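# Topology and contacts: notes
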Amino acid sequence: MSDTSIERHVIAVLVDNEAGVLARVIGLFSGRGYNIESLTVAEVDAQKSLSRITIVTSGTPQIVEQIKAQLNRLVPVHRVSDLTEEGAHVARELALVKVRGSGEKRVESLRIADIFRAGVVDSTARSFVFEITGSTEKIDAFVRLMEPLGLVDISRTGIVAIARGEKPI
Amino acid sequence: MANGKLTGSEILLKVLTEEGTEVVFGYPGGAVLPIYDALFKQKAVRHVLVRQEGGAVHAAEGYARSTGKVGVVLVTSGPGATNAVTGLTDALMDSIPIVCLTGQVPTHLIGNDAFQEADTTGITRPCTKHNYLVKDVNDLARVLREAFYVARSGRPGPVVIDLPKDVLQGLAGYAPAPKKQEHKSYNPQVRGDTDAVNRAVDLLAGAKRPIFYTGGGVINSGPRASKLLTEFVRKTGVPITNTLMGLGAYPASDKQFVGMLGMHGTYEANLAMYNCDVMVCVGARFDDRVTGKITEFAPKSKKIHIDIDPSSINKNVLVDIPIVGDCATVLAQMMKRWDEKKYKTDGKALAKWWKDIDGWRGRNCLAYEKTSKIIKPQYALERLQALTEGKDVYFTTEVGQHQMWAAQFLKFNKPNRWLTSGGLGTMGYGLPAAIGVQVAHPKSLVVDVAGEASILMNIQELSTAAQYRLPVKIFILNNQYMGMVRQWQELLHGGRYSESYMASLPDFVKLADSFQGVGLIAEKPSEVDDVIREMMKIDRFVIADIRVDQSENCFPMIPSGAAHYEMLLGPADKAAKPISEEGMVLV
């Protein structure tokens, strides 16, 4: 019988950067009841007008296979690559984290930021905005540590990922 | 023409002609007036005026399905486009190539809630294979050509092109289509992987209880696919069953044909599927109406699946050998391998397999009570089959009991002769589809097998039939109920016939008369033949109102959620096999 274990997959999709293409991809996921854990998109080749979408999704192996097949048959989709399946890949997220406070807590937040190699990109007398890049786990850990120190706002990009080695998508 | 330039509307008609479009089914409105003006000034493309945009899409589907060409639809913005949505969804589910041109408010008004504005590309995104909004008249020709390419390539489907009025009126240069058209991202795989084809043929050669299970993909692939399928099946001596959409791909009169499979398929087809050891699925998609309970679907079999759409593979049922490719191409590859290897099916095993199948056939699952008192719907269809046998005839249907009886009792020996709404199950499909078929085949006999409930859903199209003198025959099996709803209420809801009785039906004879057609009635079995003969003689549209048994149910039936071997063969069976609670939730 079919495997019912839930797997998390990072999928990279190269698409024509045209009106409605993101709506097509998102509509596919919502219409067919697939999960999106995160989704990022930006143009990667202005000349050929190509965008790259990185989707983190989860499902049984059969569902993940369906997701890839469904993405592949969208007309503006050039390539679908399952980074999780195709070998080692690098995945990174960027977060901007706003912390408000004073005194010892303020100093402590700076110290932790230093350990995590997070930079200060904005500062007032009572607040910092930290910029941090890394794996999802690293950012989760940073956010947890900031919570008792006056965390008030977070903006995260979701994962962007690329295969290790010399081969392009 | 100004400075050698053409308007968007003129370019549009040029490209339609390039693409071989002879007929457009449509309905005018403010946003598409420039196209209608351009249509008025030319003769290459004919326009058929429907009475509601939904009818235009179904008519184009009928045209496309019966000719193998792309059907073209032209509707206005706003309600014109939203009325087309059901037809587009229907064409998507049944893989029918359609190009639907929708008008749109001028580009500077888009997003302003202008009069007759709707977000057409937004609304139709999930119900089309692809859609476009053309914002620059210089892109128009390219987008149109691409739309035709997408509609007909790979797994066919509907494509919408939204055309703002200023784009239709704008000027641009026009150059004829480049000879070679290659799409930058959409290039479906046509040829099957050789290794997979070889393994599939080897598997089939060693089978003891093989079966071919084939669907609408064979018909979409073109007549060559049906021809190759027929040759291959005959060469191997293997039994074959067709899906609802696949009827006609293999001659129904052939002894190797075991009938349609699925919920209302034959006993022999379903039991052969349950017991087979090798299944060759060609251009079918393991729909829930076909598989029944998925965990008990052909549990002892190795499965080969040929489909041009990779997303059909392993969607509902995991298969052992998937082959992505066009049905005709892959069938030719398979036959080549079969011949090269000088394969022969295991004669002894096959003889035993056929003995089993003949045993199931012996149950005569389509039998019904013969009576001279009341017209049984099955009898009416048997007579319709007998009296149209050998004629150049096309059948369309609406949706419900009559559709299933038509699939069971009409015999299709050729592809493209049977048009029905399979995937979406759209009541109201049959009449406009028949109109589309008749436009494409003016001399042929075109019959819409209908129910009295379905026919009322697009009854306005009688006016279209009258205007273009299309002699379609509407054969209504009138039981004064939404028959399939009533059947399910009887079997699943304690006989509480909630809202399924069709009260206040029109007098169909007077109705036909008022639309300049002819109405006929049969109330007794002895009158059926005369009505059919009379109907075929009349060169106008005819409504034949066949008053059938109100309580007849469509058997055999696999209740939802049940396995193939749990078929109900008739009324006596239903008490013995009560329907499970899990089954009740399913549609």
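Our subject is the structure listed above.
Residues numbered from 1 in each chain as written. Chains lettered and ligands numbered in written order. Predicted model: local features only at pLDDT ≥ 70, side-chain atom pairs only at ≥ 80, totals over all residues. Heavy atoms only, no water.

A word on empty space enclosed by the protein. One simple way to see leftover space: roll a probe sized like a water molecule over the atoms. Residue and element names in this part refer to chain A. For the structure shown, the criterion picks out one cavity of 30 Å³ or more. Roughly 30 Å³ of internal volume is contained in the largest cavity. V99, R100, G101, R106, S109, R126, S127, F128 and L149 together form the lining of the largest cavity. Listing elements by their share of the lining of the largest cavity, those giving two or more residues are β5 (89-100), α3 (103-115) and β7 (127-134). (1 Å grid on protein atoms, 1.4 Å probe; cavity = no way out; pocket = protein on both sides within 12 Å on 5 of 7 lines; lining within 4 Å. Points joined across faces, edges and corners; volume = space filled by probe spheres on them. Helix = DSSP H or I, 4+ residues; strand = E, 2+ residues; numbered from the N terminus.)

Residues and elements named next belong to chain B. As judged from the four bridges shared by strand β6 (residues 130-133) and strand β7 (residues 158-164), these two strands associate in the parallel manner. Within β7, the residue paired with H130 across the bridge is V159. In this fold, the crossover linking β6 to β7 by way of helix α7 (residues 140-152) has right-handed handedness. (Pairing = 2+ DSSP bridges. Right-handed = clockwise from strand over helix to strand, strands pointing away.)

This paragraph deals with the pairing of strand β20 (residues 542-547) of chain B. Consecutive side chains of a regular strand alternate in pointing toward one face of the sheet and then the other. Residues and elements named next belong to chain B. Within β20, five of the six residues are buried, leaving the element largely enclosed by the surrounding structure. The sheet contact formed by strand β18 (residues 473-478) and β20 spans six bridges and is parallel. Each residue of the ladder has a partner; that of N478, found in β20, is R547. Alignment of strand β19 (residues 518-522) against β20, held across five bridges, turns out to be parallel. Bridge pairing in β20 links I521 to D545. (Buried < 20%, exposed > 50% of the residue type's maximum accessible area, 1.4 Å probe, protein only.)

The partner chain A presents 16 residues to the 19 residues of chain B that form the contact. Taking both partners together, chain B and chain A bury about 1500 Å²; carbon and sulfur atoms supply 52% of that area. Joining chain B to chain A, the criterion identifies two salt bridges. The partner of R73 of chain A in a salt bridge is D309 of chain B, with the nearest N and O atoms 2.6 Å apart. Linking chain B with chain A are eight residue pairs in polar contact (both at pLDDT 80 or more). Among the residues making up the side of chain B that touches chain A, the classes are represented as six nonpolar, seven polar and six charged. (Contact = heavy atoms within 4.5 Å. Buried area = accessible area lost by both parts, 1.4 Å probe. Salt bridge = Lys/Arg side-chain N within 4 Å of Asp/Glu carboxyl O. Polar contact = N/O pair within 3.5 Å; in protein donor to acceptor, adjacent residues only side chain to side chain. Nonpolar A, V, L, I, M, F, W, Y, C, P; charged D, E, K, R; others polar.)

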